[in-house]
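# Secondary and tertiary structure notes
In case you want the letters, here they are:
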There are 2 protein chains.
Amino acid sequence: MDVLVPSPSQAPSQPRSALQAQAAGLLPAQAPELLQASPNGLRASLHDRGQRLTPQRQRVLGLFEGLGEGRHLSAEEVHQRLLGAQARVSLATVYRTLRLLSSMGLLQELELPEGGRRFELAGDAHRDHHHLVCVRCGRTEEFENPAILAAGEAAASGHGFRLVECVLNVRALCPGCVAAERA
Amino acid sequence: MDVLVPSPSQAPSQPRSALQAQAAGLLPAQAPELLQASPNGLRASLHDRGQRLTPQRQRVLGLFEGLGEGRHLSAEEVHQRLLGAQARVSLATVYRTLRLLSSMGLLQELELPEGGRRFELAGDAHRDHHHLVCVRCGRTEEFENPAILAAGEAAASGHGFRLVECVLNVRALCPGCVAAERA
DNA sequence: ATTCATGCAAATTTTTTGCATGTTC
DNA sequence: GAACATGCAAAAAATTTGCATGAAT
């Protein structure tokens, strides 16, 4: 019963709705020793901890993989999307899976003021994408800066930790809101 | 029906229970133009937006100020602590206040894997304290690095934003967990 | 005085759990 | 075949809201 494919019985020939497709396209070799979010990585990770590889777990993680890194989902959204994708996963299981995958470091919980916990893929350890968020209107920009990654690595190794990922959260006022504040 | 509580001006002459005291002691001059979390800053901020300065709001913010920057609280905890500090603030009001102060940028929400939303003071714009968190056991270390602040400022101004605060979140495996993973 | 915030309790929403059953190892 | 994950529905949290009253400007 080895399972290397998306799922045993559920979505064998469907168009994959661009989700899986995109996921596949987005996973070129990156940081070999830290690439752990691929199906294989999932298998390995689960197995290492004596956890089982179920279609539900694969679907949840697959969903995040198909999302691109910028996006995040709440438990409810994960549930809805899976339903829409013909993948029946109970909300309770979504919660259980989200917790499991987070505790394994495959997903990470985010800090957004949107209400409800949100999760995103935590795979690309050495990718450097950071967030610039307007504290007033919520407008969000992404940016990169190698210096940040370097700082994260320095901090990690300085404390004897092994880096998994680092994200800089910059809270600021966007131009529009600066003006508004002033008024 | 009148409320059963003491009354109008709740804690006028009480000992301030170390919270307020500590808060006061912890607010030396820092970044003059951005120091907005002090009582004065609160007054100004509230006033600017046509919001009222109520004892409840002051207490909630005061509580965070007395905490030091490293710590964060959930709504429930805020409520409990205020009760313990002889400051009666209903849970509903705690929630409303937390939301208000967050939307004003005085507090910020963070989402740690601990369950429940948590908030922390978001005042010291130019302070640079960042987090190194073990994704497996939750162990947390704090560290500083001016380069990070610089990167945040660069990103902000590069997009025309005005920096409020930036925090680097480094997710990693602590030494103990690296060993455990290996096992 | 007027307008808005608070407290209370009820309504909602979010997250967790118990158990019987279906799956993974 | 044994151990464990899932689904369902109920339970427990967490968060929001309606309203009458109290307080801030």
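Just above, that's the structure.
Thresholds, definitions, all that
Residues numbered from 1 in each chain as written. Chains lettered and ligands numbered in written order. Predicted model: local features only at pLDDT ≥ 70, side-chain atom pairs only at ≥ 80, totals over all residues. Heavy atoms only, no water. Helix = DSSP H or I, 4+ residues; strand = E, 2+ residues; numbered from the N terminus. Buried < 20%, exposed > 50% of the residue type's maximum accessible area, 1.4 Å probe, protein only. Contact = heavy atoms within 4.5 Å. Areas by Shrake-Rupley, 256 points an atom, 1.4 Å probe, with all protein chains shown as cover. Near = heavy atom within 4 Å. Polar contact = N/O pair within 3.5 Å; in protein donor to acceptor, adjacent residues only side chain to side chain. Nonpolar A, V, L, I, M, F, W, Y, C, P; charged D, E, K, R; others polar. Salt bridge = Lys/Arg side-chain N within 4 Å of Asp/Glu carboxyl O. Pairing = 2+ DSSP bridges.

Turning to the overall build of chain A, a few remarks are in order. Broken down by element type, chain A carries seven helices and six strands. The secondary structure elements of chain A, listed N-terminal to C-terminal, are α-α-α-β-α-α-β-β-β-β-α-β-α. Looking at chain A as a whole, 46% of its 183 residues qualify as buried. Relative to all contacts within chain A whose residues are 6 or more apart in sequence, the contacts with residues 24 or more apart total 59%. Counting only carbon and sulfur atoms, one obtains 52% of the accessible surface of chain A, whose full area is about 9,100 Å².

Turning our attention to the protein's contact with DNA strand C. Y95 of chain A together with R52, Q56, T93 and R96 of chain B are the nearest of the 19 residues found near DNA strand C. Between R52 of chain A and DNA strand C, the recorded distance is 3.0 Å, taken from a side-chain N or O atom to a base oxygen. One nitrogen or oxygen atom from the side chain of Q56 of chain B is found 2.9 Å from a sugar or linking oxygen belonging to DNA strand C. Mapped by element, the contributors of at least two residues to the surface near DNA strand C are helix 5 (91-103) of chain A together with helix 3 (55-65) and helix 5 (91-103) of chain B. Per element, the largest residue contribution to the surface near DNA strand C is four residues, and it comes from helix 5 of chain A. The residue inventory of the surface near DNA strand C, partitioned by class, reads seven nonpolar, five polar and seven charged.

Another point: the interface of chain A and chain B. Between chain A and chain B, the contact holds 47 residues from the first and 46 residues from the second. At the junction of chain A with chain B, the criterion picks out one salt bridge. For E165 of chain B, the salt bridge is made with R171 of chain A, and the minimal N-O distance between the two is 3.9 Å. For the interface between chain A and chain B, the tally reads nine residue pairs in polar contact (both at pLDDT 80 or more). The set of elements that each furnish at least two residues to the side of chain A that touches chain B consists of helix 5, strand 2 (107-109), strand 4 (130-134), strand 5 (140-143), helix 6 (146-158), strand 6 (162-173) and helix 7 (175-182) of chain A. Broken down by element, the side of chain A that touches chain B gets its largest block of residues, twelve residues, from strand 6 of chain A. A class-by-class count of the residues in the side of chain A that touches chain B yields 24 nonpolar, ten polar and 13 charged. Sheet topology note: the strand 6 of chain A/strand 6 (residues 162-173) of chain B ladder contains eleven bridges and is antiparallel. Residue pairing in the sheet places L163 of chain A in a bridge with A172 of chain B of strand 6 of chain B.

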